[in-house]
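# Examining the three-dimensional arrangement
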Amino acid sequence: MAAAAAAAATMVSLCFPSSSSSSLSPQKQSTLLFPPLGSSSSCLFTGGSLIWGSKKFLQVSLSSAAQLDKKMCARRFRRAVVVAAADYYSTLGVPKSANTKEIKAAYRKLARQFHPDVNKEPGATDKFKEISAAYEVLSDDKKRALYDQYGEAGVKSTVGGPGGYTATNPFDLFEAFFGSNMGGFAGMDGSGFGASRRSSVSKGEDIRYDMTLEFTAAIFGDEKEFELSHLETCDVCAGTGAKVGSKMRICSTCGGRGQVMRTEQTPFGMFSQVSVCPSCGGDGEMISESCRKCSGAGRIRVKKDIKVKIPPGVSKGSILRVSGEGDAGPKGAPAGDLYVYLDIEEIPEIQRDGINLYSVISVSYLDAILGTVTKVKTVEGMTDLQIPPGTQPGDVLVLARKGTPKLNRPSIRGDHLFTIKVAIPKRVSTEERELLEELSSLGKVPANRSKTRPKVQQPDESTESEKGPLSENKDESEDGEDLLKKLKDLAGTVANGALKWFKDNL
């Protein structure tokens, strides 16, 4: 009878949900198992088998009862799935009473053994993930308490449901445990997941230096030398910061891993975050005795003379990069770079626009009318500039290939352009005014004489022979007068133009 009761209890746990069966009293459970005769169905255990009948007891053999029981349970509850829960303690091979140190030691041994970069056998990757999942739960006190109380389902429900409870990538967990050097065991090369990990060696800082160049140095190039203060690797400790002959000690914060993992409980579940150890900076080791020269920093500040070659054609805002002249990196890492920012001195006589140069020169009104040769300032020194006669204000004269060379292509050179400005005096002397007025009147005489000049009469044939010598002398005098008139006309025209200029500008 006791065996029958035990079998009945087993059937209740299989055929009824745990939530409902646990809430029923023994009397209600027996009522469900042994309903009254008036009910529509009844059951009977015979040889440990539960048989459903219709208003009567039915006795069958053990095999037929098992088949009928299977069919009826499947029909009544549609589907029954039994999944074996993972045992994290057996996965790591430790007892349930194992402490944190024993769990870490077991994980260290198994992770090294089944890591995919070392173990190429089939199933090694899955085994590695199982080991990582077990260690993630058992190494955390909160997760372990939930697992011990509710099993794997308790951990899953805490962090968001089945299939997504492993918040940390197994490879990130491995790197956090062993450090960025992958534990330093044989077979671990740069391939696989190790190739995607960021190196702990960081480059030194870059330095900016501002330099002001002369105008001509920016055009033709130059070589400059200046003093720079930057950090260099300590030559005594080679950048380690430790005293020569001393030993490094394991970081007490991260236990030599170089990284720390922090787990937080959020409304969405348990989340783990891996970060660089704040004590050792990711090295996993601490200096036991510091270097006397650098005081444990591994770098010292020194002053150094730097030579920089300025290429022709640089402009304001150009940046020159000097590789390896920045601050030295920590722990012997490569040095950064030096960036030289250029500024150009300006001169009032010459302005620059790209590869062309521009200047404004002033000439007198007489030089503009008559033309002349004047001295102008260029980047190559003083040069002669030809001012052609009749030059107007605002005209542009060009000295070809006197500009700036093109950067990185010095064979190409721009021009120097000069804008002409005619200088008109605001005050003139009495003598100059009289001369200008005379020139102005000379310019008006040809127009008046052309209107009042009488017509020349033709001489008679009878008097032609008598007046022959006289007419020849008269013709010669008229030719001289015509030449003088032409000269006066030219002077008058020039004077009129100058006088009009005065009236318009004064």
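In this text the structure is predicted, and so the values were computed from the model without any measurement.

## Thoughts on helix 7 (residues 124–138)
Taking 1.5 Å as the rise per residue, helix 7 with 15 residues should run 21 Å; its terminal C-alpha atoms sit 21 Å apart, in good agreement. Of the positions making up helix 7, those classed as buried are Ala124, Phe128, Ile131, Ser132, Ala133, Ala134, Tyr135, Glu136, Val137 and Leu138.

## Regarding the sheet that holds strand 10 (residues 319–322)
Ordered by their spatial adjacency, 3 strands build an open sheet running 3-11-10, and the pairing between neighbours is mixed. Looking at the sheet topology across the chains shown, the edges are occupied by strand 3 (207–213) and strand 10. Ignoring which end each strand starts from, the neighbouring axes of this sheet average 25° apart. One ladder, built from 7 bridges, connects strand 3 with strand 11 (residues 338–344); its direction is parallel. Among the inter-strand pairings, threonine 212 is bridged to a residue of strand 11, identified as aspartate 343.

## Some words on the side chain of aspartate 327
Looking at the secondary structure, you find aspartate 327 in the loop between strand 10 and strand 11. Among the polar contacts listed, one links the side chain of aspartate 327 to the backbone nitrogen of leucine 231, at a separation of 2.9 Å. If sequence neighbours within four positions are ignored, aspartate 327 has contacts with Gly204, Glu205, Ile207, His230, Leu231, Ala335 and Gly336.

## Some remarks on the sheet that holds strand 16 (residues 396–399)
The mixed open sheet is built from 4 strands, whose spatial order is 12-13-19-16. A strand with exactly one partner marks an edge of an open sheet, and here the two such strands are strand 12 (351–353) and strand 16. For this sheet the average axis-to-axis angle between neighbouring strands, irrespective of direction, equals 30°. Pairing of strand 13 (residues 356–364) with strand 19 (residues 416–423), which is carried by 8 bridges, proceeds in the parallel orientation. When the bridges of strand 19 are listed, serine 362 appears paired with lysine 421.

## Considerations on a negative patch on the surface
A contiguous patch of negative charge, built from Glu431, Glu432, Glu434, Glu437 and Glu438, is present on the exposed surface. As for its placement among the helices and strands, glutamate 431 is situated in helix 13 (residues 430–452).

## Describing unusual backbone geometry
Its identity as a non-glycine residue notwithstanding, serine 295 has a phi of 60°, on the positive side. Secondary-structure assignment places serine 295 in the loop between strand 8 (285–287) and strand 9 (299–310). For serine 295, a relative accessible area of 60% translates into the label exposed. Of note in the backbone geometry, lysine 331 takes a positive phi value of approximately 60° without being a glycine. Mapped onto the secondary structure, lysine 331 falls in the loop between strand 10 and strand 11.

Definitions and cut-offs
The residue numbering used here restarts from 1 in each chain and proceeds along that chain's sequence as written. Whole-chain, interface and lining totals are the exception, using all residues; otherwise, since this is a predicted model, local features are given only for residues with pLDDT of at least 70 and side-chain atom pairs are given and counted only at 80 or more. Derived side-chain values reflect all non-hydrogen atoms in the structure, with water molecules and hydrogen atoms excluded from consideration. Labels follow the DSSP assignment, with helices taken as runs of H or I lasting at least four residues and strands as runs of E lasting at least two, numbered in each case from the N terminus. Given a helix with a known number of residues, its expected span is that number minus one, times 1.5 Å. Note on exposure labels: buried denotes an accessible area under 20% of the residue type's maximum, exposed denotes more than 50%, and partly exposed covers the range between, all computed with a 1.4 Å probe on protein chains only. Strands are treated as partners if at least two bridges between them are detected by DSSP. Axis angles are defined between N-to-C directions and span 0 to 180 degrees, where every axis is a line fitted to C-alpha atoms and, for a helix, only to the segment in contact. Identification of polar contacts relies on pairs of N or O atoms within 3.5 Å, with a donor-acceptor requirement for protein atoms, meaning one able to donate a hydrogen and the other able to accept it, and with residues adjacent in sequence counted only if both atoms are side-chain atoms. In what follows, residue pairs with any heavy atoms lying within 4.5 Å of each other are defined as contacts. A patch consists of residues whose relative accessible area exceeds 30% and which take part in no salt bridge; residues with like charges are grouped when within 9 Å of each other, and nonpolar side chains (Val, Leu, Ile, Met, Phe, Trp, Tyr) when within 5 Å. Accessibility throughout is a Shrake-Rupley quantity obtained with a 1.4 Å probe, and a residue counts as covered only by protein chains that appear here. Whenever Lys or Arg places a side-chain nitrogen within 4 Å of a carboxyl oxygen from Asp or Glu, that contact is recorded as a salt bridge. Counting rule for charge: Lys and Arg are taken as positive, Asp and Glu as negative, and neither His nor the chain ends is counted. Charge coordinates come from a single atom per side chain, which is NZ of Lys, CZ of Arg, CG of Asp or CD of Glu.

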